[in-house]
Amino acid sequence: MNLLLSDEQQMIADAIGDVLLQEYPLDRLHGGSATMAPNQWQQIAELGWLGLGLDDGVGGVGYGLAEEMLLCRASQRHLLSPSLLAAILGAHVAAVNAPEAVAGIVAGETTVALAVPRKPVSLLEDLLDVELLLIDPENAEYVLLWDTEAAVMLSASQLKQVAVAGVDNSIGLSVASGSVAPFVRATRGEADIYARALVLLAAMETGLAEGVRDMAVDYAKVREQFGQAIGAFQAIKHACADMACRVEAADCQLRMAVVSQSSGETDLLVQAAAARLLAGEAARENATRNIQVHGAMGYTAECNAHWFLKRARLLEQVSAPPRHLQRHVLGLPVGRFESVG
Amino acid sequence: MDISFSAEEQAFREEARDWLRSNVPMQPRPHHGEAMVEFDRAWQRRQFDAGWAGVAWPKEFGGRGLSLLQQLIWLEEYASAGAPAVGCYYVALNHGGPTLIALGTDEQKAFYLPRILSGETIWCQGFSEPGAGSDLASLRMRAEIDGDHLVVNGQKIWTTYAQHARYQELLVRTDSNGPKKHHGITWVICDMESPGIDIRPIKCMDGTEHFCEVFYDNVRIPLKNVVGDINDGWRVTMTTLGFERGTGLLFDQIELNNYVEHLLELCRNKALPGSVGRAIDDGELIARLGNLKAEVTALRAMSYKTISTAQRGAPGPEATMVALYTVETMQKAFRLGMELQGGDALLLPGHPGSMQFNYLNSFIHTIGGGTSEIRRNIIGERALGLPR
Ligand SMILES: Cc1cc2nc3c(=O)[nH]c(=O)nc-3n(C[C@H](O)[C@H](O)[C@H](O)COP(=O)(O)OP(=O)(O)OC[C@H]3O[C@@H](n4cnc5c(N)ncnc54)[C@H](O)[C@@H]3O)c2cc1C
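Rules used in this analysis
Residues numbered from 1 in each chain as written. Chains lettered and ligands numbered in written order. Predicted model: local features only at pLDDT ≥ 70, side-chain atom pairs only at ≥ 80, totals over all residues. Heavy atoms only, no water. Domains from an automatic or database assignment. Contact = heavy atoms within 4.5 Å. Buried area = accessible area lost by both parts, 1.4 Å probe. Salt bridge = Lys/Arg side-chain N within 4 Å of Asp/Glu carboxyl O. Polar contact = N/O pair within 3.5 Å; in protein donor to acceptor, adjacent residues only side chain to side chain. Nonpolar A, V, L, I, M, F, W, Y, C, P; charged D, E, K, R; others polar. Axes fitted to C-alpha atoms, helices over the stretch in contact; angles between N-to-C directions. Helix = DSSP H or I, 4+ residues; strand = E, 2+ residues; numbered from the N terminus. Parallel < 35°, antiparallel > 145°, perpendicular 65-115°, else oblique. Left-handed = near helix turned anticlockwise from the far one by under 90°. UniProt positions renumbered as here; feature names shortened; annotations may be inferred. Phe/Tyr/Trp six-rings, centres within 6.5 Å; stacked < 30°, edge-to-face > 60°. Buried < 20%, exposed > 50% of the residue type's maximum accessible area, 1.4 Å probe, protein only. Lys NZ or Arg CZ within 6 Å of the ring centre and 35° of its normal. Bend = angle between axes of the 7 residues up to and from the residue. pLDDT = per-residue confidence, 0-100. Patch = residues over 30% accessible without salt bridge, like charges linked within 9 Å, V, L, I, M, F, W, Y side chains within 5 Å. Areas by Shrake-Rupley, 256 points an atom, 1.4 Å probe, with all protein chains shown as cover. Near = heavy atom within 4 Å.

Novice: Now, about the domain arrangement of chain B: what can you tell me, with residues and values included?
Specialist: Residue and element names in this part refer to chain B. One can read the domain layout of chain B as domain 1 (7-85), domain 2 (123-236) and domain 3 (244-383). Between the C-alpha centres of domain 1 and domain 3 the distance comes to 23 Å. With 14 residues of domain 1 at the contact, the number on the domain 3 side is 14 residues. Between domain 1 and domain 3 lies a buried interface of about 1,200 Å² when both sides are counted; carbon and sulfur atoms form 76% of it. On inspection of domain 1 and its partner domain 3, the count reaches zero salt bridges. Applying the counting rule to domain 1 against domain 3 returns one residue pair in polar contact (both at pLDDT 80 or more). Here the side of domain 1 that touches domain 3 is composed, by residue class, of nine nonpolar, three polar and two charged.

Okay, here's the thing in structure tokens:
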């Protein structure tokens, strides 16, 4: 038993961190956007990021969920587009029943967007009657959605799309609808996308919570009022300590979820749902507290604090809501129709 | 990252499980008085006779000398088998004994350690004073050197099980003129049967006499009972506190997990207060219980990670985060347990371990051994580097 990263995993995490620090500073969001340009997709594809956990036999790098977790966690410290997750999961879905599509996704040439259903849909039907919110849909060729029973990719071109303004204004949003046959479908028995997504979303939320913890602590050390750094005030210090505890709990549980997947433990769903519940709470709560720690500066568009809060709110809507996660950890059933998206 | 245990560790788990299965006492632990002491003594003796006393202590001092991972396994099996909490022997086994092992003289080790393991002597901890709680280093109880003795006068308070203990790890002030309050403190072993000691039990909110006031009137303690040097007691205290390797909370965490499972069972069978439907069909309640279960699940992961870190070297300040998270989660769980019972929460069953006792006693953890506020200070200052 060892929940620390192996030397190799640490190297991977460091390498990912270095690239993100150089290429994806948060300040890029001012007047810009988190939507990635084609050359950026190709750059991260060349680093192997989009096929990290995919078998080498199907065109991936051949690592596992642990390495995908490290990537996803780091990605939200820099608020990378959530389409990163769509690409990672999309490649897994394609690998099952559309192997010819894997190469394009892993090469960063075909982009995939996440979707949030606006009305229930059963993903096992031949023809899906969907109404969706597409997250960061610019240039996306496929749209990915999943539930406990299956994951599907739809062709974006077959959907009617209208761009709309979104709360997370670092990326675009559109309303999409149509009645379409999936381009590819993987059922639960073919690939457990649902649990994998829970772990990776938990990773993203943990990374986000970590990022805002550091941002709050850094500011608390330099901002002075009443003749001292505000971090000396216990109201601020304890808020930061609580942020750190939330991150620690989420991070440890995240590791537990990853190892229970790789060791084939039967309680993967419980472990993954617990990780996601804690990570989501950590992301939302830490992002909220961080704004408060920053005072009026935290309320401005210029300060990066708001991006984290908005992204936390966005991630919350992807896949299972807390209501379902709570049932998963207790081992209670969730109605399938309810669990869509 | 890896969750598996080696074949050797698995075999050890089997061995521990087998022994526990046939030796864990069937009857519940009495929660106070001589009955409690007798119960704890018998259980300690039984573990000692079978070679399971002092699992974390080195073999040369009579312990079992388990590796950190074996300790983890032992504690998991121990708690799963429903074995009782360490009880009256907590200070002796987890605090006083380890301090002697680290800093005691050969003579001190030879005399005190075997008596701890065999269950012959209970220890208590005389640190807190009426004026020195969270700010422990401000303690004032005086000890003057007189020949080859220390002469102690003053008062300690909140001394758990002082009325049952034979020895006490006692902090006294031997120098009030040091540059800082941390200087001038001495760590000494006090025989609780010495003349001049007056022990007055304090009644706690659950009705038990968990801790005591202890008064010292010209109590003479041989200088050879000093551990470390005169005026060096703060360092001695810190050494012991630094022993935490991540296993300290495992027992409570596993018990807490069982408790939450028990709450879920209750929800399946009971109506919610003020309603006729089953509690388990109540969305809000399930949400709270689910969040709680997630937190309790994470506690195990947090301890595992601390232990993983400790295997490489000293565990970091995250140990304080685990402690804070554990006690806060406990309190939440016990509060939910009370709410779930509806009107029956008013009853105080005579047996320990009831939900009502758990609830009342949840404050032991958020106050004793460092308050949650002090823990947040430590996390803020030592883990995050915020200014004092
Ligand atoms: C069940 C139990 C068993 C105990 N057993 C023992 C024992 O065996 N031996 C022993 O020596 N002691 C024992 N104690 C005492 C324990 O160590 C002290 O209660 C603890 O250190 C807190 O001190 P205090 O009670 O004086 O509270 P205080 O220090 O007076 O604190 C009162 C309140 O002020 C807050 N506070 C204090 N300082 C700060 C600060 N700097 N920042 C923010 N908040 C602050 C505290 O968090 C608390 O909420 C026991 C206590 C309990 C509850």
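Novice: Report on the packing of helix α4 (residues 90-103) of chain B against helix α5 (residues 106-117) of chain B, specifying residues and quantitative values.
Specialist: Residue and element names in this part refer to chain B. The geometry of α4 relative to α5 is characterised by a closest axis approach of 10 Å and an angle of 160° between their N-to-C directions. Here α5 runs roughly antiparallel to α4, going by the angle between their axes. Here α4 and α5 pass one another in a crossing that is left-handed. Contacts between α4 and α5 involve Ala92, Leu93, Gly97, Leu100 and Ile101 from the former and Gln108, Lys109, Tyr112, Leu113, Ile116 and Leu117 from the latter. Class assignment for the residues of the contact of α4 with α5 results in eight nonpolar, two polar and one charged.

Novice: Describe the UniProt feature "domain: Acyl-CoA dehydrogenase/oxidase N-terminal" (unreviewed entry) in chain A, with residues and values.
Specialist: Under the local residue numbering, the UniProt record ascribes the feature "domain: Acyl-CoA dehydrogenase/oxidase N-terminal" (unreviewed entry) to residues 6-84 of chain A. For the annotated span residues 6-84 of chain A, helix accounts for 52% and strand for 0% of the residues, and the straight-line distance between the end C-alpha atoms is 24 Å.

Novice: Summarise the packing of aromatic side chains; cite the residues concerned and give the values.
Specialist: Within this structure, the stated rule accounts for 16 aromatic pairs over all chains. Taking the centre distance of 6.2 Å and the plane angle of 85° together, the rings of Phe226 of chain A and Phe233 of chain A count as edge-to-face. On the accessibility criterion, Phe233 of chain A (26% relative accessible area) is partly exposed. Following the ring pairs from residue to residue traces out a cluster consisting of Phe12, Trp19, Trp43, Trp52, Trp74, Tyr78 and Phe251 of chain B. Between the NZ or CZ atom of Arg64 of chain B and the centre of the ring of Trp52 of chain B, over which it lies, the distance is 3.7 Å. Directly above the ring of Phe215 of chain B sits Arg200 of chain B, whose terminal nitrogen or CZ lies 4.2 Å from the centroid.

Novice: Let's hear about helix α10 (residues 355-367) of chain B: which residues, and what values?
Specialist: Side chains three or four residues apart in an α-helix point the same way, a direct result of the helix having 3.6 residues per turn. All names here are of chain B. Largest kink in α10: about 25°, centred on Asn361. Met355, Gln356, Phe357, Ser362 and Thr366 are the residues of α10 that are buried. In this fold, the buried residues of α10 make contact with α7 (250-269), α9 (318-340) and α11 (372-383).

Novice: How would you explain the confidence of the model for chain A if you had to name every residue and give the values?
Specialist: Here chain A averages 96 in pLDDT, while 98% of its residues score no lower than 70. Overall, residues 337-341 of chain A carries pLDDT values under 50, and its contacts beyond four positions in sequence, including any with other chains, amount to 19 contacts.

Novice: Please provide a residue-by-residue account of the interface of chain B and chain A, values included.
Specialist: With 45 residues of chain B in contact, the opposing surface of chain A contributes 44 residues. With both sides pooled, the region where chain B packs onto chain A buries about 3,900 Å², and carbon together with sulfur makes up 70% of that total. Inspection of the region where chain B meets chain A yields four salt bridges. Between Arg376 of chain B and Asp242 of chain A there is a salt bridge; the shortest N-O distance is 2.8 Å. Put simply, the parts of the chain that give the side of chain B that touches chain A at least two residues each are α3 (68-80), α7, α8 (283-312), α9 and α11 of chain B. A per-element tally of the side of chain B that touches chain A places α8 of chain B first, with 20 residues. Here the side of chain B that touches chain A is composed, by residue class, of 23 nonpolar, 10 polar and 12 charged.

Novice: Give a detailed account of a nonpolar patch on the surface, specifying residues and quantitative values.
Specialist: Side chains of Met205, Phe363 and Ile367 of chain B sit close together on the surface and give an oily, nonpolar patch of about 310 Å² of accessible area. Tracing the sequence through the fold places Ile367 of chain B in helix α10.

Novice: Describe in detail the site of the ligand, supporting the description with residues and values.
Specialist: Around the ligand sit 19 residues in total, of which Ser128, Ser134, Trp158, Thr160 and Thr371 of chain B are the nearest. Site remark: the ligand is flanked by residues from chains A and B. Glu373 of chain B places a polar side-chain atom, nitrogen or oxygen, 2.8 Å from an oxygen atom of the ligand. For the ligand, the protein covers 67% of the area, taking 960 Å² as the surface of the free molecule. Of all the secondary structure elements, the ones that give two or more residues to the shell around the ligand are β3 (149-160), α10 and α11 of chain B. Residue composition of the shell around the ligand, by class: six nonpolar, 12 polar and one charged. Both domain 2 (123-236) and domain 3 (244-383) of chain B contribute no fewer than three residues apiece to the shell around the ligand.

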